[in-house]
Every structure is written in structure tokens, then in C-alpha cells.
Amino acid sequence: MSKPLGGRTITARLKSGENLTEIIKHYENYNAKQRTHNHEDLWFHQRLTRGNAVHNLKKSGSTQGLFLVRESVNIKGSFVLSLIHKGDTQHFQITTSPHSGCFSIDNGPPFVGLDQLVHFYRTGCNGLPTALIHACKGHTVPAFLQQYGENTIIHQAVDEGIDTAVFNQILNHSNCPHLNTRNNSGRTALHEAAARGLNDLVLELYKRGADVKTRDAEGNSPLHLACRGDHAETCKILVKHCFSKPQDRCCGTGWVPLHDAAYYGHHQCIDMLLRHGAACYPRSVNGETPLDLADKRHQTNSLLILQRYQPPKPHYSSSHWLHNAVDRHKAVELLEHAGLRNGCFLVRMSKRHPGQYVLTMSFDKTVFNYEIKNKNNWFYIDDGPLFSSLEYLIDYYCRCSDGLPAELTSPVTPFARNDLPPVPGPSRPKMNERPPAPVPSNNKPSKNHGVIQQSYIPGLLPNPSDTLEDIEPSSIVLGRELGQGEFGSVLMGVWTNPLGKKVPVALKTLHGEHINTGEAEFEREAGVMMGLNHLCIVKLYGICRGETMMMVQELVAMGSALDYILDYPSAVGQADFKLWGAQIASGMNYLESKGFVHRDLALRNILLASKALVKISDFGLSRAVGAGSNYYKASAGGRWPVKWYAPESINYGTFSSSSDVWSYGITLWEIFSKGEQPYGTMTGAQVIQYIEDDKRRLIRPEGCPEKVYSIMLQCWAYNPKERPTFLRLHHKFRSDPDYFNMEVPGHRDNLDS
Ligand code: AMP
């Protein structure tokens, strides 16, 4: 037990007649005295608007590297770093991981405390435009947001193993400190209670909202500590009643609680975790399994349990989900046929890697593919646990998502079950024939001791290469240049498809000088487009990997709509513009329903098949929106077409279908103003000021109907939630008599593709 404040325990104080309010005050005063008053530590600003942050930084001199961290006014518990670089204020959203509660900026490393994050970015730029140099004076960061906080009365109560009734009185008290505050050792009260096996206190803390995911200063969850302390019953309570996840990893080592239990030889905890669904062979960052640790440390009992463990009989057999002759396209079709329900899945053979399998699943109306690796009789996905058979692997992911967008729920069953290849059954793989250790994610290396490196990828990575169609170079004849793209020229061509049909195509090339920098982006763009099939979206036929890498796309005969409108302004009029607006909304509605965010919707990226049919193109910036979030966050430094961006994209780098709706409004404006440049010669900074500070919007283009302008204004609602969805826009056009006879997919059923 650590020394209580003033040398007297809470129990002793209560006995001597002090009341709880006095004791809490006593702790508060003590902690307040300990707080730093060093100017450089006072960078936290509670509830500060973006405008006031800019104002405060300006008032403090706008010197290079001046910074503050502020809590969002609208979203409690959401933080933003504002800093000065080259005289300008820039803002970076600090993301809180839903898996661990850790803080990070873009793809940077995660930190358990905001103080730790600030410290890291003070040591160097580490991906920001500047290192943080001087604090813009605010307050000390609250203790519950620090890596090493302060010893609260709750910690002391746990330390004393206080009576549950008194504990409840403390937790119910109106001045009770924040439950997730870490103490001087970097642990929350829940960590301490779990480490000591105080089951009642664990439950009380959980009931009142203590976070079971929160990590201690070393990156461990309370469940890790319960295993370390050999408290099997506490483990059970945490898993069964508090919904702790046995697959949650320590941010530093990649250990799951089973690793801790095996390392210390706590076989009752091992038994409990395995009975509650833990995988037996998870891997640490070094590729070590709990069995390796038990073996290394001569934990004989634990070793025996792990060696003898038999996973539960899989709920489904391979005949329920294994498809023999199904390729990627067919798999998508089968899942679409099943309604693209969340967690619907099948397993198929990989065409690209014979002998390997691919798990194809749907989530949020999007299809994801995961390569199932098979080495030395072990099956695994990405850096996930090892399984001795494909059936065990699938059964595990039916019970927990562990990195997939969702748990697998219902299999798509093949029609002819006797047409199946033999599935490798459970065999005992040799532990000394190990598959490679999982590859750590690509975080920038840390020069800072004590920084918790992200050592796992929270979402397993879908396998893009498996989703691309290869087109033989010999089946393509090259023609004239159509235009210049980001990575090389776009050529016209003819493709003789596998049925012998000659198809006019556009070939987007990846030129030599871009091969190193652009290949991944290029493949990703192709990966996004490959899954899309809509009349108003440019179709991708495949990728041709000849001397130059090329994306083979449907040829959209009249090229860029922006060029056309500028070259032939009198050839197009209001009726064409309305039609284009409706068609773009239809294509974007399709994209939205698939969970894709375009991020670069602008007239320059709209192509004309004819005056009566437009197609959305250029998916170079688009992303599938990941599980559990409906927006995509950009990493710093990309190609940002600011004038088309919604305020939240400019300020925080967040993109969503709602920010696409903003860009749609700008695109409509471009159309109706016949290709004018939005905001004329204004700079990006002036545009932001115009939108945010002056609360102004682009003015109605000459001749643009009021009805259309009012749609634009709705698209430019500052709050993304107040903008219409593409579904609503699509229906708006659909139900408007002005658009009744137009060739818009979805308006007349036979035009839907
Ligand atoms: P992008 O790289 O998509 O910006 O393309 C550059 C230019 O190539 C466009 O502005 C068009 O003029 C032309 N282009 C791109 N894709 C196609 C296509 N599928 N059909 C016809 N022209 C295209």
C-alpha cells in the first residue's frame, strides 16, 4: 500500500469524524498545489473556438511553433492542436482511438496522455509542419488527460481496499474526481483495482462509467493487469460483465492478456481467457505467442494448458462458406445478392496466389477482401492470431471482429456442396516452424523514450492486389493523347477483351518518374474504381502491367466537362446543366451508398459521354470509409483543392459524404456559371475567411434558377449534418417535375445500372 495523504487512510479519517466532503477537498488542495505553474506547461485551453484560438495565438505574437491544445466547443472530449507555422495558424485534429482511448494526430504514434503527445511533438516536427516550441498561455491539462496524472481519493480508496459502501459514497459524491484519472504510476483506479483483484470495486467503477479500454502509461488495459496479478475471477468479471476484450493488445509490446498470464505462469487466468473466447496463438510485435513465453519461462502448467487446448467445435463447417470456382467478381455478386448485409461472408481461392484463400465479407454496403495466409500449417490474416485450420480461423472471426470491420455473421453457402476442394483440417503445426512475425505498422520512428509506439494495425488491411483485374499488354493498341493526368498522360486506345470484342478505352498511364512515388496511389485508385458499377461513374476495366503501368478505363468520348463548357459555352444551356446536376447526384448517391468518399468532386473531374450523359471520374483521392466511422481523415501534406473543400475538411482534414455534398454544391455552381473559377482570384486563406468569419457563400450565377441556387446553399450548410445527403438530392431531382423526362439513372427503372 502506498503512503496515504497526510499519513492517514480515508478509513482512519472517517473514523476520527472528518466528513467525506472535507477529505475530498483535502485531496483536491494537495493536488492543486502539486500542479505545475511553469508557463511552458500551460498550453491547454478548455472549450475554445477555432476563431478564438487564432485570436489568442495572434495576441501571443504568432511566433514560429507557438501552439495550444483546445477542446472542441461542439464535441466534448474532442481536441485540436493549433500552431503557428510561417505566420499562419494551422489546426490538427487529435484523434481518440475507440479501441484504446489513445490520442494521435493523423498516422502518428498513439499516446495515452495529451501531455505525452505534446512532449513528442516538442522534440521535433515528427510529421507536423513545425516542432511545437512555445506554449500559448492557457491552463494545465486536466489530470485525467495526462499520462502520469495525480493520486486521487479514488486511487487511495482502492489502495486501502476500502469497504464497498464507503467506496460508493465517494463515487456518488458531487466532487468525486474524474474516474479515468491516472495516478503518479500512470494507472487509473480501475487498473489498480484489477491489478489487486478487488472484484467489487472493479464492478462499482465499471458501473459508474470507468473505461475498461483505457490504457495505463505502459499501454496495458485493466484486463492485462488482472492477468498479471493472477486474478482469474477479476478476469472473468472484466470479460463477462464489463465487456473487456481478451484480444486487446498492449500498445507497446502487442501482448494480449493471455501473453501476460502465460509469461507469469498464471494458468487459472489462461484457462479463464481461453474459455471466454481468447485465441490461443495471438502474436506479439516480435511474433511471440503465449506458448513461446510459457516455454521460455518454464511455466510448465501453463505450457500444458496451452498445448492441450482444443478450440470449440466451429459453428459452421467449410461447406457453409467455402466456394471453389468463385472469383472476385462472382464473390461480390454473391454478397450483393445476399443484400450486402453486415458480416455476410464467404471464403474463396485466391487467383493471384494459388493455394491461398481469400475471405470476402460485406460491411456498410461495401465488400472487403482479406488474404488468408497459410504458412507451415498455420492460417492467419495480417498480424492476427494463428489458427491450425481454416475452419478455426473463420469460427474465431465469427465470434470477434479483432480487426475486421465487423464480426462474421452469416455465410453465403455454395449451391453444390460436393463441388468443394478439400479443406486443410486441423493439424498440429510445429511451433518451431513459425510464420514471420507480424510487420509493425509504418509509424515514424520515435526518438522519445516513454512514447508508446503503435505496434498493431487496428483494422486489418484489405488486400487491394487481389481485387484488380490484370489486362494483357498484347490486347491493347495505343492511340492519341487525350489529356494529362497526375502521374502521366491519358491515351486513347482499343482493348480486345477476353470475348474478342474491340472496346474503345482510355488508358491512364503511370510514367517512369512516378513509378516509385505513385504506384501505390495508382493501384489504390484502381482498387476503388474496380468495385464500382454505375452509368454516371467512369468504369474501370482493369490494370495493364506492361512496360508502363496503365489503368484501362471506359472511353468517355467528349472528355472533360469543364473543357467542353469553356470551349463551347453557347452549345450548352440550362436544360443540359440541370441534367448534369441530376446525373452527378445520382452517381454520388451510388458512391455514398457504397461507403465511398470521393474527396475531389469538381467539374474538372466530370467527363462527358455525350451532351446528355456525364460521368464522375478521377478517384485518385477517394477512399472507402473504414469500419466504425463515417469519415476519412487525410494525412498531412496532400494535394488539397481547397476551394472545393468543406470547412471541416480544411480545418480538420475530415472527409465524408457530407463534405462531398459541399463539393457537389461547388460543382453545380461551376456548371451554372459556365466554368467560372469559384471565388475568382481569392487565395485559400481568403476563401476560409469568406466562408467562416464573414459567413458568406458564392453568389448565384447569372441565369441560375433560384431553385438550383437554393440547393447549392443547402449543400454549403456549415454544419455537415444540416447538408442534404446524396440520397435526398437524388430523390429531390427525381420528384421534381423539371427533371421528369431526363435520362437520370434511378429516375426511370430501366436506366439503373
Ligand atoms: P485525370 O487524370 O483523370 O485528371 O485525366 C486527365 C484528362 O484526361 C481529363 O481531363 C480528360 O480530358 C482525360 N481523360 C481522363 N479519363 C478519361 C476517360 N475515361 N475518357 C476520356 N478522357 C479521359
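Residues numbered from 1 in each chain as written. Predicted model: local features only at pLDDT ≥ 70, side-chain atom pairs only at ≥ 80, totals over all residues. Heavy atoms only, no water.

- Going by an unreviewed UniProt entry, the protein carries the name Tyrosine-protein kinase and comes from Phallusia mammillata.
- Its UniProt record, at the heading Sequence similarities (unreviewed entry), says of the protein: "Belongs to the protein kinase superfamily. Tyr protein kinase family." (UniProt positions renumbered as here; feature names shortened; annotations may be inferred.)

1. A closer look at the confidence of the model for the protein
Part 1: Residues of the protein with pLDDT of at least 70 account for 85%, and the chain-wide mean is 84.
Part 2: Note on residues 416-422: pLDDT is under 50 here. Beyond four places in sequence and across chains, it has 11 contacts.
Part 3: In this model residues 624-639 is a low-confidence stretch, pLDDT under 50, and it forms 39 contacts with partners more than four residues away in sequence or in other chains. (pLDDT = per-residue confidence, 0-100. Contact = heavy atoms within 4.5 Å.)

2. Topic: the packing of helix H7 (residues 189-196) against helix H8 (residues 199-207)
Part 1: Across the interface, H7 lies against H8 with an axial gap of 8 Å and an inter-helix angle of 155°. Put simply, H7 runs roughly antiparallel to H8. When the axes of H7 and H8 are compared, the crossing they make is left-handed. Listed contacts from H8 to Ala189, Leu190, Ala193 and Ala194 of H7 are Leu201, Val202 and Leu205.
Part 2: Partitioned by chemical class, the residues of the contact of H7 with H8 number 7 nonpolar, no polar and no charged. (Axes fitted to C-alpha atoms, helices over the stretch in contact; angles between N-to-C directions. Helix = DSSP H or I, 4+ residues; strand = E, 2+ residues; numbered from the N terminus. Parallel < 35°, antiparallel > 145°, perpendicular 65-115°, else oblique. Left-handed = near helix turned anticlockwise from the far one by under 90°. Nonpolar A, V, L, I, M, F, W, Y, C, P; charged D, E, K, R; others polar.)

3. Considering the nonpolar core
Part 1: Of all hydrophobic cores here, the largest spans 64 residues; its most connected members are Trp580, Ile584, Tyr664, Met712 and Trp716.
Part 2: Broken down by element, the residue count for this core peaks at 9 residues, all from helix H20 (residues 574-593).
Part 3: With sequence-adjacent residues up to four places away left out, Trp580 is seen in contact with Ile565, Val572, Leu608, Lys611, Val614 and Ile671.
Part 4: Of all hydrophobic cores here, the second largest spans 55 residues; its members include Leu5, Phe167, Ala232 and Leu291. (Core = buried A, V, L, I, M, F, W, Y, C linked by side-chain atoms within 4.5 Å. Buried < 20%, exposed > 50% of the residue type's maximum accessible area, 1.4 Å probe, protein only.)

4. Looking at the sheet that holds strand E14 (residues 502-510)
Part 1: Strand order across the open sheet formed by 5 strands is E12-E13-E14-E16-E15, with antiparallel pairing between neighbours. Looking along the sheet, the strands with just one partner apiece sit at the ends: strand E12 (476-484) and strand E15 (540-545). On average, each strand axis in the sheet is inclined to that of its neighbour by 30°, with strand direction left out of account.
Part 2: By the bridge criterion, 6 bridges tie E14 to strand E16 (residues 549-554) in an arrangement that is antiparallel. Pairing of Val505 across the sheet is with Glu554, part of E16. (Pairing = 2+ DSSP bridges.)

5. Examining the packing of helix H22 (residues 657-672) against helix H24 (residues 706-715)
Part 1: Contact geometry for H22 and H24: axes closest at 8 Å, N-to-C directions at 150°. The orientation of H22 relative to H24 falls into the category roughly antiparallel. Once H22 is placed against H24, the crossing between them reads as left-handed. Residues Val661, Trp662, Tyr664, Gly665, Leu668, Trp669 and Phe672 of H22 lie in contact with H24, whose contacting residues are Val708, Ile711, Met712 and Cys715.
Part 2: When grouped by side-chain class, the residues that make up the contact of H22 with H24 number 10 nonpolar, 1 polar and no charged.

6. Some details on the site of the ligand
Part 1: Taken together, 16 residues sit near the ligand, with Gln484, Gly485, Lys508, Glu554 and Val556 positioned nearest.
Part 2: Gln553 places a polar side-chain atom, nitrogen or oxygen, 3.3 Å from a nitrogen atom of the ligand.
Part 3: When the free accessible area of the ligand is taken as 480 Å², the share hidden by the protein chains comes to 89%.
Part 4: Looking at the shell around the ligand, the elements with two or more residues in it are E12, E14 and E16.
Part 5: Ranked by the residues each element gives to the shell around the ligand, the list is headed by E12, at 3 residues.
Part 6: For the shell around the ligand, a count of residues per class yields 7 nonpolar, 5 polar and 4 charged. (Near = heavy atom within 4 Å. Polar contact = N/O pair within 3.5 Å; in protein donor to acceptor, adjacent residues only side chain to side chain. Areas by Shrake-Rupley, 256 points an atom, 1.4 Å probe, with all protein chains shown as cover.)

7. A short note on the sheet that holds strand E8 (residues 345-349)
Part 1: The 5 strands are arranged E7-E8-E9-E10-E11 in an open sheet whose pairing can be described as mixed. Both outer strands of the open sheet, strand E7 (322-323) and strand E11 (378-380), are each paired with one neighbouring strand and no more.
Part 2: Taken together, the 3 bridges between strand E10 (residues 366-375) and E11 define a ladder with antiparallel strand orientation. Within the sheet, the bridge partner assigned to Asn374 lies in E11 and is Phe379.

8. Things to note about H20
An α-helical turn contains 3.6 residues, so any two residues separated by three or four positions project in the same direction.
Part 1: Over its 20 residues, H20 runs 28 Å from end to end, which matches the ideal 28 Å to within 8%, given 1.5 Å per residue.
Part 2: Taking burial as the measure, the 20 residues of H20 include 16 buried ones, the bulk of the element.
Part 3: Count one or two residues on from H20 and you reach Gly595, which has phi positive near 80°. (Expected span 1.5 Å × (residues − 1).)

9. Let's talk about the packing of aromatic side chains
Part 1: Applying the stated criterion across every chain yields a total of 18 aromatic pairs.
Part 2: For the ring pair Phe44 and Phe79, a centre distance of 6.1 Å and an interplane angle of 55° mean the geometry is tilted. One end of the pair, Phe44, is in strand E1 (residues 44-45); the other, Phe79, is in strand E3 (residues 79-85), with 35 residues separating them in the sequence. The residues Phe44 and Phe79 share a single accessibility class, namely buried.
Part 3: Taken together through their ring pairs, the aromatic side chains of Phe44, Phe79 and Phe103 make up a single cluster.
Part 4: Positioned over the ring face of Tyr263 is Arg297, at 3.9 Å from the centre of the ring. (Phe/Tyr/Trp six-rings, centres within 6.5 Å; stacked < 30°, edge-to-face > 60°. Lys NZ or Arg CZ within 6 Å of the ring centre and 35° of its normal.)

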